[in-house]
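Structure assessment
Here is how the chains run, residue by residue.
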Amino acid sequence: MEVTVKIFRYNPEKDQRGNYVTYKIEADENDRVLDVLEYIKGKTDGSLSFRRSCAHGVCGSDAMRINGRNMLACKVLIRDVGANITVEPILGLKVKKDLIVDMEPFFDNYRKMLPYFINESPLPADGRERLQSPEHRARFDETTKCILCAACTTSCPSFWASDEYYGPAAIVTAHRFIFDSRDEAADKRLQVLAETDGIARCHTAYNCTEACPREIKITKAIGEVKLAIITGKLD
């Protein structure tokens, strides 16, 4: 089938603003959008720039707007988006070139969540690891699935309005540690999220949940963090 692909292009070395370039290629309906982009770059226009790595929906590096929705290019089939495709960079982050955005503000917010295990208590006397029941693990299991693709954060109107807002992905990361029974720094993370640029900026638009390629119930996780801040309880 013939596929028409309209791609946002921007080269900071020569362009004052971005523009769109349209390509027409032959593709199979079972090809992925990433396959189409790879074909265009390899066969039609080698200057096209975009991020990709594993190409199997795990690394999260190829998040982009496809027909107006945040998706991973490696997980979207042509048959699901049709023969007319518009591909753009994700919103809210500065475009560096074509479909590549500056992810540093996103990761700055991620780092503010203290995204690592904190426990200053002595190890168990028997020398074994800190054990956790299946019930305690289930409390935060879903938020361990985040791959930091930024699809959720860059679909959020509050983040579009201010990149000072930590964003859904950062809150999901905090949730993963706040509700881990082995961690001892929940209060520190809750203090960070209680700041002006924290959880108060979430207006429950649900864009983040719809955009997540891992199907994490992000809005639910954010609600649980909000409740923890209000009540001071993690149960």
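Here the structure is a predicted model, which is why all the values come from computation and not from measurement. (Residues numbered from 1 in each chain as written. Predicted model: local features only at pLDDT ≥ 70, side-chain atom pairs only at ≥ 80, totals over all residues. Heavy atoms only, no water.)

1. Remarks on the sheet that holds strand S5 (residues 84-88)
- Reading across the sheet, the five strands line up as S2-S1-S5-S3-S4 and stay open at both edges, with mixed pairing between neighbours. The two strands at the open ends of the sheet, each matched to only one other strand, are strand S2 (19-26) and strand S4 (69-72). Within this sheet the neighbouring strands show an average axis-to-axis angle of 35°, counted without direction.
- When strand S1 (residues 2-9) meets S2, the two strands line up antiparallel, connected through eight bridges. Each residue of the ladder has a partner; that of Lys6, found in S2, is Thr22.
- Relative to the sheet, helix H1 (residues 33-44) contacts S1, S2, strand S3 (63-66) and S5, its axis offset from that of S2 by approximately 95°. (Pairing = 2+ DSSP bridges. Helix = DSSP H or I, 4+ residues; strand = E, 2+ residues; numbered from the N terminus. Axes fitted to C-alpha atoms, helices over the stretch in contact; angles between N-to-C directions. Contact = heavy atoms within 4.5 Å.)

2. Some details on the packing of aromatic side chains
- Inspection of every chain in the model, using the stated rule, returns three aromatic pairs.
- Pairing Phe8 with Tyr20 gives two aromatic rings, centres 5.6 Å apart and planes at 80°, and the pair type is edge-to-face. One end of the pair, Phe8, is in strand S1; the other, Tyr20, is in strand S2, with twelve residues separating them in the sequence.
- For the ring pair Phe106 and Phe107, a centre distance of 5.1 Å and an interplane angle of 80° mean the geometry is edge-to-face.
- Given a relative accessible area of 3%, Phe106 falls into the buried group.
- On the accessibility criterion, Phe107 (25% relative accessible area) is partly exposed.
- Three or more aromatic residues link up through ring pairs in this structure, and these residues are Phe106, Phe107 and Tyr110.
- Of note, Lys6 hangs over the ring of Tyr20, and the distance from its end group to the ring centre comes to 5.0 Å. (Phe/Tyr/Trp six-rings, centres within 6.5 Å; stacked < 30°, edge-to-face > 60°. Buried < 20%, exposed > 50% of the residue type's maximum accessible area, 1.4 Å probe, protein only. Lys NZ or Arg CZ within 6 Å of the ring centre and 35° of its normal.)

3. Comments concerning the nonpolar core
- One finds Ile7, Val33, Leu37 and Ile66 to be the most contacted residues of the largest nonpolar core, which totals 64 residues.
- The element best represented in this core is helix H6 (residues 168-178), accounting for six residues.
- Residue-level mapping places this core at the junction of two domains, with at least three residues from each of domain 1 (2-101) and domain 2 (104-231).
- Those residues in contact with Leu37, other than ones at most four positions away along the chain, are Ile7, Leu48, Phe50, Met64, Ala73 and Leu99. (Core = buried A, V, L, I, M, F, W, Y, C linked by side-chain atoms within 4.5 Å. Domains from an automatic or database assignment.)

4. Some remarks on the environment of Asp31
- Among the secondary structure elements, Asp31 is positioned in the loop between S2 and H1.
- Linking Asp31 and Ala161, residues 130 residues apart in sequence, is a C-alpha distance of 35 Å.
- Setting aside its immediate chain neighbours within four residues, Asp31 contacts Val76, Leu77 and Ile78.
- Reaching out from Asp31, the side chain makes a polar contact with the backbone nitrogen of Asp28 at a distance of 2.9 Å. (Polar contact = N/O pair within 3.5 Å; in protein donor to acceptor, adjacent residues only side chain to side chain.)

5. So, helix H7 (residues 186-193)
- The complete set of buried residues in H7 reads Ala186, Arg189, Leu190, Val192 and Leu193. Summarising the axial view, the buried residues of H7 lie within an arc of 155°, below the 170-degree limit, and thus occupy one face. (Arc of directions from axis to C-beta.)

6. Looking at the domain arrangement of the protein chain
- If you check the domain split of the protein chain, you get domain 1 (2-101) and domain 2 (104-231).
- A straight line from the C-alpha centre of domain 1 to that of domain 2 covers 29 Å.
- Taken residue by residue, the interface counts 13 residues in domain 1 and 15 residues in domain 2.
- For the domain 1 and domain 2 pair, buried surface summed over both sides reaches about 1,000 Å², with 61% attributable to carbon and sulfur atoms.
- Among the residues of domain 1 in contact with domain 2, Asn70, Leu91 and Leu93 are the three that bury the most area, contributing 42% of the side total.
- Inspection of the domain 1/domain 2 interface yields zero salt bridges.
- The greatest single-element share of the side of domain 1 that touches domain 2, amounting to three residues, is contributed by S4.
- Of the residues in the side of domain 1 that touches domain 2, the class split is seven nonpolar, four polar and two charged. (Buried area = accessible area lost by both parts, 1.4 Å probe. Salt bridge = Lys/Arg side-chain N within 4 Å of Asp/Glu carboxyl O. Nonpolar A, V, L, I, M, F, W, Y, C, P; charged D, E, K, R; others polar.)

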